[in-house]
Amino acid sequence: MAQAFPAHPYLTGHHAPNRFEADAPDLVVEGEIPHDLAGVFYRNGPEPLHPTRGDDYHWFDGDGMIYAFFIQNGRVSMRNRWVRTEKFQLERAAGKRLFGVLGNPMTGDPSVAGKRYNTANTNIILHGGKLLALMEGAPAVELDPRDLSTIGEETYGGRITSTFSAHPKVDHATGELLNIGAMVHGPSGAKEIRFDTIDAEGHLTRSVVIPVPHMTLMHTFLATENWVVFPVLPLDMDMARAMRGGPPIAWVRDRPSKLAVMPRGGAAADVRWFEHDPRHMFHELNVWEENGNIVADVATAAGTALFPDEQGRYLTHAETTLSLRRWTIDLGANTNTIREEMLNDRDIQFPRPDDRLMTRRTRHGFANLNLKSVDGRINGMDGVIHFDTQSAAEDIYHFGAGAAAGEFVFAPRIGATIEGDGYAMTLVHPAGSTTSQLAIFDAMNVAAGPIARIHIPFRVPSGFHCNYYSADSALHRQALAT
C-alpha cells in the first residue's frame with residue numbers, strides 16, 4: 001500500500017509530487033504559437049516514487065521525471081515519464097523506498113547495499129542522437145527522445161561507468177560535448193575529477209583525470225572555446241564526518257573558492273589554480289575569452305541554504321540569494337586571484353544564454369526570478385527576466401504573488417542566426433491553481449507578457465533543468481529526424 005508523504009517543504013505546495021505519467025496529444029493554447037516556433041521542450045525534475053525511510057528529505061533526492069512538449073504547426077503535445085533507473089525499478093518492485101536520502105548507505109535497506117544510487121533527476125539533453133537524463137552522481141541514462149521510454153545507462157562503450165555531470169556543455173561550433181565526472185572514485189576515494197570530450201556523433205575521444213584539493217559538489221564547470229575551469233568550492237563532501245554524526249555535505253565557512261584552469265586539450269600538468277572568496281555557484285550564464293581573459297557570468301552567493309555548515313547550521317534564503325556577477329580570470333597576470341563585479345543583484349536561479357553561442361561571447365541572459373516570495377526555492381520563483389549584460393537593461397514579467405516559474409530558456413525562431421532572435425519559455429504554476437502552463441514570450445519583450453500559454457490540465461511539480469531544441473537544429477535533426 002502506498003504511504004502518505006510527510007509535510008516537508010519540498011514535498012508540499014508547488015513541490016508536492018503527483019506520482020503519475022500522462023499523455024496529452026493536443027493541449028489547449030491560449031493566444032497563438034508563432035509559425036516560426038517548432039521543436040521540443042524537455043524538463044527534468046524530482047518526483048519521488050515513495051516516501052523516504054524515516055530520514056529527512058532533500059530537494060535533490062526525488063526520482064527523475066521527464067516532461068516533453070512537442071511544438072509543431074501551432075499545436076503542442078505533451079508526455080511525461082519517470083526515468084526507470086535501477087534504483088527506481090528496485091523500489092517499484094519492493095513497493096517502498098530502499099535507498100537512503102541522497103544515497104546515504106547508513107540509512108539504506110541492506111538489499112541495496114552496493115547498488116548504484118541514480119535518480120537521473122537534474123538535467124535532460126540531446127547529444128549524439130540520444131536523449132540523456134543526468135545527475136552528477138552516476139552515469140547518464142538514455143531515453144527514447146519521442147516516447148521517453150528508458151533505454152539504459154549510457155557508458156560510452158564502458159569508458160564512463162562512474163559519474164557524469166548534470167551540466168555538460170555542448171559547443172555548438174564544434175558539436176562536441178564537454179563533460180566532467182566528479183568524485184569518480186566515490187565520496188571516500190581518491191580526490192580526483194575526470195574531464196571528457198565527446199564528439200558530435202557521441203563518441204568519447206579523450207578523458208583526463210585531475211587531482212583536486214577536496215571532494216565537492218561540482219554541479220557545473222566553465223568552458224570557453226579553448227579553456228575549461230573546474231570550480232572546487234567550499235561545499236564539501238566528507239563521509240568520515242558523516243560517520244561521526246555530522247552532515248555528509250556541508251558548507252565549510254571561510255574556505256576559499258579554488259578554480260582549476262586548464263586548456264581544453266590539456267592534461268593535469270597544465271592546470272593553473274586561481275582563488276577567490278568563499279562562493280556558492282551551481283549555474284553560469286555563459287563563459288568566453290576576451291583580451292586574454294576568461295570571462296564568466298555566474299549566479300553566485302557567499303553561502304548556500306541548500307546544505308548546512310559543518311556544525312549542522314543552515315543559512316536562510318535571504319542570506320544566500322544568488323545574484324548575477326562577472327568573474328574575470330586574467331590568464332596573463334602574475335596573480336592567482338580573480339576579479340568579481342556585480343552585473344545584477346536580483347534574486348535569480350537558473351541563468352541561461354542563447355545556447356547556440358555557449359562558449360562564445362553573449363550579451364542576452366534569461367532567468368527565473370524571485371520578486372516577492374520569502375523563499376524562492378521553496379515558495380516559488382514568481383517571475384522571469386531577460387537581462388542585457390552589455391547595457392544592464394532589465395525586461396521583467398511577474399506571474400503574480402505565490403506563482404512558481406521554472407527555468408526560463410531561449411528558443412530560437414526557425415532560421416534565426418542572430419543572438420536572441422526568437423522566443424523564451426518557462427513552465428509556471430500560478431498560485432493556488434490545479435493546473436500549470438508553458439508560457440511563451442517574445443524573447444526581446446518579456447515585460448509584455450506571454451504571447452501564448454499552453455495549458456496543462458494538472459499541476460506540474462517544481463523541477464530543475466529544461467532545454468529547448470529547435471526543429472532546424474543539428475541536435476534535433478540527429479535525434480528526432482523521421
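It should be emphasised that the depicted structure is a prediction, and the values quoted were computed from it without experimental measurement. (Residues numbered from 1 in each chain as written. Predicted model: local features only at pLDDT ≥ 70, side-chain atom pairs only at ≥ 80, totals over all residues. Heavy atoms only, no water.)

## Focus on the sheet that holds strand S7 (residues 130-134)
Moving on, step 1. The strand order across the open sheet built from four strands is S6-S7-S8-S9, with neighbouring strands paired in antiparallel fashion. Two strands lie at the open edges of the sheet, namely strand S6 (123-127) and strand S9 (150-154), each paired on one side alone. Pairwise comparison of adjacent strand axes, ignoring direction, gives a mean angle of 30° for this sheet. (Pairing = 2+ DSSP bridges. Helix = DSSP H or I, 4+ residues; strand = E, 2+ residues; numbered from the N terminus. Axes fitted to C-alpha atoms, helices over the stretch in contact; angles between N-to-C directions.)

## Here's the deal with the pattern of salt bridges
Moving on, step 1. Per the stated rule, a full pass over the model turns up 35 salt bridges.
Moving on, step 2. Note that Arg-241 and Glu-310 form a salt bridge whose closest N and O atoms lie 3.8 Å from each other. Linking Arg-241 in helix H2 (residues 239-243) with Glu-310 in the loop between strand S21 (293-301) and strand S22 (323-330), this pair joins segments that are 69 residues apart in sequence.
Moving on, step 3. Overall, the relative accessible area of 5% leaves Arg-241 in the buried class.
Moving on, step 4. Between Arg-352 and Glu-407 there is a salt bridge; the shortest N-O distance is 3.1 Å. Of this pair, Arg-352 sits in the loop between strand S24 (347-348) and strand S25 (364-370) while Glu-407 sits in the loop between strand S28 (404-405) and strand S29 (409-412), and the two are 55 residues apart along the sequence.
Moving on, step 5. Classification of Arg-352 as buried rests on a relative accessible area of 9%.
Moving on, step 6. What you see here is one network of salt bridges that share partners, running through Asp-61, Asp-63, Lys-87, Glu-91 and Arg-97. (Salt bridge = Lys/Arg side-chain N within 4 Å of Asp/Glu carboxyl O. Buried < 20%, exposed > 50% of the residue type's maximum accessible area, 1.4 Å probe, protein only.)

## Thoughts on unusual backbone geometry
Moving on, step 1. For Ala-120, which is not a glycine, the phi torsion comes out positive at approximately 50°.
Moving on, step 2. You can see Ala-120 is positioned in the loop between helix H1 (86-94) and S6.
Moving on, step 3. Even without a glycine there, the phi angle at Asp-254 is positive, about 70°.
Moving on, step 4. Its place among the elements puts Asp-254 in the loop between strand S17 (249-251) and strand S18 (257-263).
Moving on, step 5. Owing to a relative accessible area of 73%, Asp-254 belongs among the exposed residues under this scheme.

## Describing the pairing of S22
Moving on, step 1. The element S22 is largely enclosed, with a buried count of seven among its eight residues.
Moving on, step 2. Strand direction decides the pairing type here: S22 and strand S23 (residues 339-344), joined by five bridges, are antiparallel. Bridging from a neighbouring strand, Arg-325 pairs with Met-342 of S23.

## Points about the pairing of S7
Moving on, step 1. Among the five residues that make up S7, four are buried, leaving the element largely enclosed by the rest of the structure.
Moving on, step 2. Pairing between S6 and S7: five bridges, direction antiparallel. Within the sheet, the bridge partner assigned to Leu-126 lies in S7 and is Leu-131.
Moving on, step 3. Between S6 and the antiparallel strand that follows it, S7, lie two residues; Gly-128 among them carries a positive phi value of about 60°.
Moving on, step 4. Pairing of S7 with strand S8 (residues 140-143), which is carried by three bridges, proceeds in the antiparallel orientation.

## Remarks on the environment of Pro-46
Moving on, step 1. In this fold, Pro-46 is placed in strand S3 (residues 39-46).
Moving on, step 2. Taking the relative accessible area as the measure of exposure, Pro-46 reaches 8% and is therefore buried.
Moving on, step 3. Distance from Pro-46 to Arg-413, taken between C-alpha atoms, is 30 Å for residues 367 residues apart in sequence.
Moving on, step 4. When near neighbours in sequence (up to four residues on either side) are disregarded, Pro-46 contacts Tyr-57, Trp-59, Gly-62, Asp-63, Asn-121, Ser-462, Gly-463 and Phe-464. (Contact = heavy atoms within 4.5 Å.)

## Re H1
Moving on, step 1. Among the residues of H1, those classed as buried are Lys-87, Phe-88 and Glu-91. For H1, the angular spread of buried residues about the axis comes to 95°, placing them on one side.
Moving on, step 2. Remark: Gly-95 follows H1 within two positions and exhibits a positive phi of approximately 75°. (Arc of directions from axis to C-beta.)

## So, the packing of aromatic side chains
The relative placement of two aromatic rings is captured by the distance of their centres and the angle of their planes.
Moving on, step 1. For the structure on display, the rule yields 21 aromatic pairs.
Moving on, step 2. In textbook terms, an aromatic cluster arises when at least three aromatic residues are bridged by ring pairs, as seen for Tyr-10, Trp-59, Phe-60, Phe-282, Phe-307 and Phe-464.
Moving on, step 3. Residue placement shows Lys-169 over the ring face of Phe-221; its charged tip is 5.1 Å from the ring centre. (Phe/Tyr/Trp six-rings, centres within 6.5 Å; stacked < 30°, edge-to-face > 60°. Lys NZ or Arg CZ within 6 Å of the ring centre and 35° of its normal.)

## Description of the environment of Pro-145
Moving on, step 1. With respect to the secondary-structure elements, Pro-145 resides in the loop between S8 and S9.
Moving on, step 2. In this structure the C-alpha to C-alpha distance between Pro-145 and Leu-259, which are 114 residues apart in sequence, comes to 35 Å.
Moving on, step 3. Setting aside its immediate chain neighbours within four residues, Pro-145 contacts Tyr-42, Phe-70, Leu-126, Leu-131, Ala-479 and Leu-480.

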